[in-house]
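Analysis of the macromolecular model
Read off the chains here:
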Amino acid sequence: MTRLDRYVLTEMLPPFLFGIGAFLAVLIGVQLLYEMLRLIYQQGFPAWAAVRIFFLELPAVITLTFPMATIFGSLMAMARLSGDGEIVAMRAGGIATTRIGTPIIIVGFVVSVFGLAINESVVPGAKHRAFEIAREVHSTVAADQDLAMEIRDDEDHLERWVHARGFDADALTLSDATVLDFTLGPRPELYTAETARWQGRYLILENVRYTRWIDGQQFTAQVPQMMVPIGRTPEEVERVRKLPDDMSLGELQEQAKLADEQGRPAWANRLRQHYQIRLSLPWACVGFGLLGVALGIQRQRSSRGIGMGLSLLVIFVYYVVLHTLTLVGERGVADPALMAWTPNLLLYLAGLGLLLRVSQ
């Protein structure tokens, strides 16, 4: 590492760390803190459990700040050097603009590798532990709460709606149960029962009153027991469900193959898209580093407020493109890998183009 590299890095690291702290505070305020309070006041979680889940979710949020901090740090460093005329002096000394920005781009690469490693080694384990804590707490408070859930197919169409005034998660029993089945015709069938027991993909209803529509006529009857298909096991529709964001890369691949075998292509596409996003998102740091160098050279004496505002604007545009293409990939319209990596490619091209332009 040359003296030039060390000098540029000393300019970048303070705003980079400041960016991590600032963006982390914002994400905690709008995401983690709200979720922790919701668990305590709406779900009835003990405070200790909500706080543990808060800290276990923190690593995933920290990695989200890396791309934001990278563009903020690189932009502020280069803007400071440019504003004080040091970029001009370095150029006059025969140092190319691309060489000045090289250490920042290398930092972006290192941060990308570090973020990818955390996402694969730390985040899944932490999220899995948070998932287990939430599931354990749900099993203790479920009997004191109503159970209400929607069962939807892979296309997000409502199949069944289940409600119970009481639910024992250990015995898998429901009291004062109501089931609406939307799969048998234009009008749903209604089942009400004093008690119900979940058995596999069925509910065994006791003291049942049901209403059906046949040829436009309503029929109501009462039977002592009835087996009603739910189409899902308790593990598949439990109120605390492991989502793609909570899975490791290996789990995403495994679940995608399982979804293919079960004939659920929409869910398989979603899992594959999340797999590619998990791989591509950390590498946005390289593109943000490139873009920050180019934008910073063009600005004279940017304040932190202006630098953060410009960083947020670039990040907003990036995530709009990313989420739009993610939805396209999840629907199976285009290849998931192409949709996941296209925003990064656009970022690289924009950064390289601007950097070459300011180098002339």
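As shown above, the structure is provided for reference.
Bear in mind that the values here come from a model prediction, so they are computed numbers and not experimental data. (Residues numbered from 1 in each chain as written. Predicted model: local features only at pLDDT ≥ 70, side-chain atom pairs only at ≥ 80, totals over all residues. Heavy atoms only, no water.)

1. Considerations on the overall build of the chain
A tally of helices and strands in the chain yields eleven helices and six strands. Taken over C-alpha atoms, the radius of gyration comes to 27 Å for the chain, far larger than the 21 Å a tight globule of 360 residues would show. Principal-axis analysis of the C-alpha atoms gives the chain an extent of 90 × 45 × 30 Å. Out of the 360 residues in the chain, the part that is buried amounts to 46%. Contacts in the chain between residues at least 24 apart in sequence constitute 64% of all its contacts with a sequence separation of at least 6. On the chain, roughly 18200 Å² of surface is accessible, and the fraction owed to carbon and sulfur atoms is 60%. (Helix = DSSP H or I, 4+ residues; strand = E, 2+ residues; numbered from the N terminus. Rg over C-alpha atoms; globule rule 2.2 N^0.38 Å. Buried < 20%, exposed > 50% of the residue type's maximum accessible area, 1.4 Å probe, protein only. Contact = heavy atoms within 4.5 Å. Areas by Shrake-Rupley, 256 points an atom, 1.4 Å probe, with all protein chains shown as cover.)

2. Details of the environment of Met78
Tracing the chain through its elements places Met78 in helix H2 (residues 47–83). Between the C-alpha atom of Met78 and that of Gly101, which follows or precedes it by 23 residues, the distance is 8.1 Å. If sequence neighbours within four positions are ignored, Met78 has contacts with Ile87, Ile100, Ile104, Val293, Gly296 and Ile297.

3. With respect to the pattern of salt bridges
For the coordinates displayed, the defined rule picks out ten salt bridges. For Arg38, the salt bridge identified is with Glu35, shortest N-O distance 2.6 Å. Placement of both Arg38 and Glu35 in helix H1 (residues 3–41) is noted, with a separation of three residues, approximately one turn of the helix. Among the residues examined, Arg38 registers a relative accessible area of 22% and is labelled partly exposed. On the basis of relative accessibility, which here comes to 30%, the residue Glu35 falls in the partly exposed class. Of the charged contacts in the structure, one is a salt bridge between Glu159 and Arg160, with a shortest N-O distance of 3.7 Å. With respect to burial, Glu159 and Arg160 carry one shared label: buried. Salt bridges sharing common partners tie together Glu11, Arg80 and Glu86. (Salt bridge = Lys/Arg side-chain N within 4 Å of Asp/Glu carboxyl O.)

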